[in-house]
Structure formats: structure tokens, C-alpha cells
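# Coordinate inspection notes
Chain by chain, the residues run as shown.
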Amino acid sequence: MSSSQHSSELRRLALSVLQPGFVGTEAPDWVLRDIADGLASVVLFSRNIVSPEQVARLTGRLRAENPALIVAIDEEAGDVTRIESATGSSRPGNFALGTVDDVTLTEAVAADLGRELRAAGVSLDYAPSADVNSNPDNPVIGVRSFGTGPEVVSRHTAAWVRGLQSAGVAACAKHFPGHGDVAVDSHHDLPCYGAGREEIEAQALPPFRAALAAGVRAVMSGHLLVPAYDPDRPATLSPRVLGDLLRGELGFDGLVVSDAIEMGAVTRRYGIGGATVRAVAAGVDAVCVGGESAEEATTRLLADALYGAVTAGELPEERLAEAAGRVREFADWSVKLREAGVDPEGGPGIGRVAARRAVRISGPAGDALPLAAAPHVVELAPATNLAIGKETPWGVAAPLRALLPDTTAVRVGESELRDGTAVLEECALRPAVGRPLVVVVRDAARHAWMSRALDGLTAARPDAVTVEMGLPGHGPTGTGVRICTHGASTASGAAVAEVLAGGVRGGSGVGRRPGGRRAADGGCRPGP
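A short tour of the structure in this document, coming up.

About the cut-offs
Residues numbered from 1 in each chain as written. Predicted model: local features only at pLDDT ≥ 70, side-chain atom pairs only at ≥ 80, totals over all residues. Heavy atoms only, no water. Helix = DSSP H or I, 4+ residues; strand = E, 2+ residues; numbered from the N terminus. Rg over C-alpha atoms; globule rule 2.2 N^0.38 Å. Buried < 20%, exposed > 50% of the residue type's maximum accessible area, 1.4 Å probe, protein only. Areas by Shrake-Rupley, 256 points an atom, 1.4 Å probe, with all protein chains shown as cover. Lys, Arg positive; Asp, Glu negative; His and termini not counted. Charge placed at Lys NZ, Arg CZ, Asp CG, Glu CD. Pairing = 2+ DSSP bridges. Axes fitted to C-alpha atoms, helices over the stretch in contact; angles between N-to-C directions. Salt bridge = Lys/Arg side-chain N within 4 Å of Asp/Glu carboxyl O. Phe/Tyr/Trp six-rings, centres within 6.5 Å; stacked < 30°, edge-to-face > 60°. Lys NZ or Arg CZ within 6 Å of the ring centre and 35° of its normal.

Here we take up the overall build of the chain. In terms of helices and strands, the chain carries 18 helices and 19 strands. For the chain, the C-alpha radius of gyration of 24 Å lies close to 24 Å, the compact-globule estimate for 528 residues. By its C-alpha atoms, the chain is 85 × 45 × 45 Å across when sized along the principal axes. When each of the 528 residues of the chain is scored for burial, the buried share is 60%. Here the chain has roughly 19,200 Å² of accessible surface; of this, 50% comes from carbon and sulfur atoms. On the chain, the mean spot of the 51 positive side-chain charges and the mean spot of the 63 negative ones are 3 Å from each other.

Here we take up the sheet that holds strand S9 (residues 255-258). Taking strand neighbours across the sheet as the criterion, the 3 strands line up as S5-S6-S9 in an open arrangement whose pairing is parallel. One side of each edge strand has no neighbouring strand; the edge strands of this open sheet are strand S5 (173-176) and S9. Taking the axes of each pair of neighbouring strands and ignoring which way they run, one obtains an average angle of 30° across the sheet. Pairing of strand S6 (residues 218-221) with S9, which is carried by 4 bridges, proceeds in the parallel orientation. Bridge pairing in S9 links Met220 to Val257.

Scanning the model with the defined rule gives 30 salt bridges in all. With its nearest N and O atoms 3.1 Å apart, the salt bridge here joins Asp79 to Arg442. Of this pair, Asp79 sits in the loop between strand S3 (70-73) and helix H4 (94-100) while Arg442 sits in the loop between strand S14 (437-441) and helix H17 (448-460); the two residues are 363 residues apart in sequence, bridging distant segments of the chain. With respect to burial, Asp79 and Arg442 carry one shared label: buried. Here Asp112 and Arg115 are joined by a salt bridge, their closest N and O atoms 2.8 Å apart. Residue Asp112 and its partner Arg115 are both found in helix H5 (residues 103-119); the two are separated by 3 residues, about one turn of the helix. Comparing Asp112 with Arg115, the two get one shared label, buried. Here the salt bridges do not stand alone but share partners, grouping Asp74, Glu76, Arg82, Arg144 and Lys174 into one network.

Let's shift gears to the packing of aromatic side chains. A complete count under the given rule lists 2 aromatic pairs for this structure. Arranged with centres 5.5 Å apart and planes meeting at 50°, the rings of Phe330 and Trp333 form a pair that is tilted. Highlighted residues: Phe330 and Trp333, both in helix H12 (residues 317-340), separated by 3 residues, approximately one helical turn. A relative accessible area of 27% places Trp333 in the partly exposed class. The positively charged end of Arg11 is found above the aromatic ring belonging to Tyr307, 3.9 Å away from the centroid. Sitting over the ring of Trp394, Arg442 keeps its end group 4.8 Å from the ring centre.

Read these as layout, nothing more, since geometry by itself doesn't imply function.
Laid out in C-alpha cells, this is it:
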């Protein structure tokens, strides 16, 4: 092989191990050129999506360049949705499914999602989260997990893999070796999972073993430090974690995908190019990029970094070729999986069923539910992590107004309470005089400001109904009714609205933007 041919082949190999995102709802020229030059994967985000039909046209155009192109998406259902980011997910997320703890239901929900994704041309879904959310202060997993213990997470991880892949879409278990027991968001900095090997084996690894046993062919690495295996390098950049543990001890021989390589956990120390080279050297086969850095220049930078590392002797060419080979093998397998996929029985609607079954009610529900009149709804809104689209609607006010048109609402954030609680009197309590008050929170136990506001509201109105749309945590100090949805999807919001209005009852103890916002001048006004 001539020098120029070898150089061309190296660049083709470098492109083939990247999974870039891009901007727009049509295929950019640079993406089409890169596919012709060896790019084997792309990943879609909400900015690429208008409707399922539009996505199908987009993926069809991309595959005109390479029929085996891997088209990935980060679609977990529940709080983290791309395919339904504009409307919110019509399916509840993992924590709701784990709460119901019916693996047949979880499999059916995943199969229903797989049906929609396959119709849109998606072949790889970065789901499910196999993380055990054992740390209630975890800022990035939370309701994305099936639960707080390895047993429930394991059985539902396996069910999700089976369901999604039965519909013809490849699953991807994440975030190896487990992101559930950390207190730092890896989008911004490097978390540390400080458990010993025995605890990791017992707590974090069982869901990944279950995913492998269920037939998963892709595993996503997590950007976290695991000193028990490697005290110096994040898991994504660690041969000990990816090679010795995942490949060796767990026996995984499929595709290793990195979490988004532009995340602060790895780029703050190594830069995006350096992190990419180190990831591939450590055993990553496909480098995900483009959640935040979706420009052609980023893909070019990463391809150049890999090419330069090989020519400089910093990255063995054999390792790059091995990674590219695994990408090809996975692509070929995913084509066969897609062709064999079948639509689940029953059609759409299973998401609403699952969301209803996940609702839990405590307190004197018989006296308070259904509501005696249209309520005033106060939604206490936290800042969400980067995995959750800022454009994705959530809450109870909008679906409740559809059932009880005289419902009024306001949404209040932390910044509006920094100068005291007068805003709660003005926007929350005063409009609720003489009518029911519903207070909606999202992970109140993890946000001190929200817990304080909730306690203040329920102290002033002991009859208020509280709706928790995040992790249940501890309830308010009041004695009123508390409803937990175990997730903030649109399906979950609709399910609790039915409970409040009297359409459907949730389990006891045991199923567009909201209508108000704070005005810039400090007053309250109806929202859009």
C-alpha cells in the first residue's frame, strides 16, 4: 500500500469510529460527504426532530449514502426524550416502571418505543440507563434509573433490552460501570464512585450483567472515576475498566460507546481531542459527540486527533482498526435486527397505562380527591441537568386544565424566592383562596429551596395536595394528600391530572408550558 493510500485508509478508520451529531432537520452536506468518506454512525438530538415522518425522511437520506449507517438517538422515554422533546414523552421513564415492578409492562413500553424509533429509521438507542440510583443526591441519574437496588434495576434493564430489540432497535446499557452512586454531574466535572470492588460487584455491576444476558450488543461508558479499578483515569479512558473489567470479567465482546466526549468530566483535563484519543486507546469503539458540539469542525478535529495520534505512535493503528471493525460488525448486526423487528401487539397507548399504574397516593385521599373544584396549581421548578431538554414540557397544570378548564397556575423557580417568600403569598396562596391548591414539585428532597417553599405552602394550606414528579424522598410537613408520579413525563402529568379530576384513581400507599409564570415586574400573570 502506498503512503497516500495508507493515509487515506487511516482517515477513513478515524471517521468510522465517530458518532457525531449535527444541526438541522435535513442532512448537512458535510455529513453526507463524511459518510461517503467512511463515517459509519450519526446521532440524532431534539434539534433534528420535528415529527416522526420528517425523521424518517432524514434517516432515509442519510442511508442513501450507506444503507448500514448506524443512526443513534438518546431516547430514554420519561424525562429524557428526544423523539418527543417538543411535547414531552408519552411513556413514563425508568423509575416509574421500576415502581410498578412488572417486567412484562416494562418490556411492552420498550417495545412500543422501539416500534416508533424503527419507523423513524433509528437503529441504536442509548438506553436503558442500567445505573442503580443508590445516592438520593445524585444530580444526573435520579428517575432515569429503574430503582435504588440492584435487583429491581437488573430485571427491568433486561426487560427493556428485550422489548426494544424485539421491535428492531438496538439497546445500549449505560453508564458503565454504574453512575448511580455519585454526587457530581459529569456534564460539568468528574464524579468519583469511591466504593470498593466487592460493593461495586454487588451493587453496580448486576444490571450490566443482566443486560448482557438479555442480548445487549452495545454498552456506553460513564465519565466517572472508579478508584477501586483505576485511581487515575475516568472509566471512559481506562483500559482497566473497559478492558479488564468489561471485556475480561464480564466477557462483553460487543460495541463500547463513549458517553458524549465533550462533557466536562473528561474535557476539563484532557480537551476534546485528547479525551477522544485516550478513549479509543482505552477500548472505546465508537465516540459519541455532538450533544453540545455539533459542528463540522468538531468532527474534523476529532478525526484529525485520531489520525495524528496513530502517525505519532500514541495510538496503535491495530486498536483503531479493531474499533472500526467492531463498528462494522455492530452495523451489520443492527441491519439484521431492524429487518427482524416486529411491531408489538396492542399498538400505542401502553405508555399512558404504565404512567397510571405508577401513581401512588398517600394521606386522606377520600376527603380530597377528586378535587371539589378547579384548583390553583403552583409548580416549583428546578434547574434540570443537561440530559433533560430545556424545551421539554412537564407539569400538571396543562393536562389538568384540559380536564378542568378553570384551573389557574403559576410556575416559580429558585431565583424568584431569593428575596423571601412574598412571591408565594402573592402568586400561590392568594389566588387559591376559596379553592383547592395543588403544589407540584420535582425532586423536592434534593433542593432545599423547594422543600422550604413546599413546607411553607402546606403549613399555610394543610389541605393542599402535593404532587411529587421526581424521586419521592420525604414528604412535606403538612398532613394533606401526597401523590407521587415517579417521573415528569407528559404521560405522568396526564395520569395525575386524571386522579385530581376524578377520571382515574391511582394506587394508594400503595393510578405546552403550564399556565402561569412570574412577571418581570414581580407580579403574577397567566402564562401562555
